[in-house]
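# Observations on chain architecture
Residues per chain are reported as follows:
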Amino acid sequence: MTQVTVHRQVGLVDVTYRPDLNAVNLVWHAEYDEGTGVRDAVLAAAAYAKAHDVKGWLADISRSRSALSPSDLDWVNGEEFHNAIKSSGLTRFVLVPPLPETGQDTSWLDDWEKNTLAAFGAGVEAKIIRDPEEVYEFLTTPTRGENA
């Protein structure tokens, strides 16, 4: 599978475009960053999605051993993040959650889908998926109104 590198920050995140999914794929090695690494990666992914009519967002935090910094968590919950995602044209969001061995707090996962749908509005789909085949199915199956 050919992927396009969109952004990379060693030790933090690799952002690629996956044509097989029509998705930007953010693979987080860690989420904690004291600089602008999280913002840079998210904004690069959103800009690529907008420029190339990409509809899917696949965020894989399954192996990330550290959560977002408090300032990045505030940013992800804030207006700049939401506006970047809304203006990107993304409509399908998949989160691959942390594996148990990462030791991450996963209590927030229960509300992730509901919060994502509320933040980005009508016409958006969001799911937590662990199985790669389910990820593929979710991101590639046309929705009503899309051409098959």
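Below: a short report on this structure. (Residues numbered from 1 in each chain as written. Predicted model: local features only at pLDDT ≥ 70, side-chain atom pairs only at ≥ 80, totals over all residues. Heavy atoms only, no water.)

### Re the overall build of the chain
Each helix and strand in the chain was counted, giving five helices and six strands. Across the chain, helices and strands are ordered from the amino to the carboxyl terminus as β-β-β-α-β-α-α-β-α-β-α. For 148 residues, the compact-globule formula gives about 15 Å, and the C-alpha radius of gyration of the chain, at 14 Å, lands near that figure. Expressed as lengths along the three principal axes of its C-alpha atoms, the size of the chain is roughly 40 × 35 × 30 Å. With 148 residues in all, the chain has 43% of them scored as buried. Considering only residue pairs separated by 6 or more positions, the chain has 65% of its internal contacts joining residues 24 or more positions apart. Within the structure as shown, the chain displays about 8,200 Å² of accessible surface, and the carbon and sulfur contribution to it stands at 49%. (Helix = DSSP H or I, 4+ residues; strand = E, 2+ residues; numbered from the N terminus. Rg over C-alpha atoms; globule rule 2.2 N^0.38 Å. Buried < 20%, exposed > 50% of the residue type's maximum accessible area, 1.4 Å probe, protein only. Contact = heavy atoms within 4.5 Å. Areas by Shrake-Rupley, 256 points an atom, 1.4 Å probe, with all protein chains shown as cover.)

### A closer look at a negative patch on the surface
A surface patch of negative charge is lined by Asp131, Glu133, Glu134 and Glu137. Looking at the secondary structure, you find Glu133 in helix H5 (residues 132-140). For Glu133, a relative accessible area of 67% translates into the label exposed. (Patch = residues over 30% accessible without salt bridge, like charges linked within 9 Å, V, L, I, M, F, W, Y side chains within 5 Å. Salt bridge = Lys/Arg side-chain N within 4 Å of Asp/Glu carboxyl O. Lys, Arg positive; Asp, Glu negative; His and termini not counted. Charge placed at Lys NZ, Arg CZ, Asp CG, Glu CD.)

### Section: the pairing of strand S1 (residues 4-9)
Remark: a regular strand shows side chains that alternate across the two faces of the sheet. Relative to strand S2 (residues 13-18), S1 runs antiparallel, the two sharing five bridges. Within S2, the residue paired with Arg8 across the bridge is Asp14. Hairpin connection from S1 to S2: three residues lie between these consecutive antiparallel strands, with Gly11 at a positive phi of about 85°. (Pairing = 2+ DSSP bridges.)

### Some details on the packing of helix H1 (residues 37-52) against helix H3 (residues 79-88)
Running from N to C, H1 and H3 point in directions that differ by 20°, and their axes come no closer than 8 Å. The orientation of H1 relative to H3 falls into the category roughly parallel. When you trace H1 past H3, the crossing you get is left-handed. Residues Val42, Leu43, Ala46, Ala49 and Lys50 of H1 form the contact with H3, whose participating residues are Glu80, Phe81, Ala84, Ile85, Ser87 and Ser88. (Axes fitted to C-alpha atoms, helices over the stretch in contact; angles between N-to-C directions. Parallel < 35°, antiparallel > 145°, perpendicular 65-115°, else oblique. Left-handed = near helix turned anticlockwise from the far one by under 90°.)

### A few points about the pairing of strand S6 (residues 125-128)
Relative to S6, strand S5 (residues 92-96) is paired through four bridges, and the arrangement is parallel. Opposite Arg92, over in S6, you have Glu125 as the bridge partner. Crossover S5 to S6 through helix H4 (residues 112-120) is right-handed. (Right-handed = clockwise from strand over helix to strand, strands pointing away.)

### Let's talk about the nonpolar core
Val24, Leu26, Trp28, Val42, Trp57, Ile85 and Phe93 are the most contacted members of the largest nonpolar core, which totals 29 residues. Of all the secondary-structure elements, those providing two or more residues to this core are S2, strand S3 (23-28), H1, strand S4 (56-60), helix H2 (70-76), H3, S5 and H4. Broken down by element, the residue count for this core peaks at six residues, all from H1. Apart from the residues lying within four places of it in its own chain, the contact partners of Val24 are Thr16, Tyr17, Ala45, Tyr48, Ala49, Val54, Gly56, Trp57, Leu58 and Leu90. In terms of nonpolar packing, the next biggest core, distinct from the first, is built from nine residues, Leu58, Val96, Val135 and Leu139 among them. (Core = buried A, V, L, I, M, F, W, Y, C linked by side-chain atoms within 4.5 Å.)

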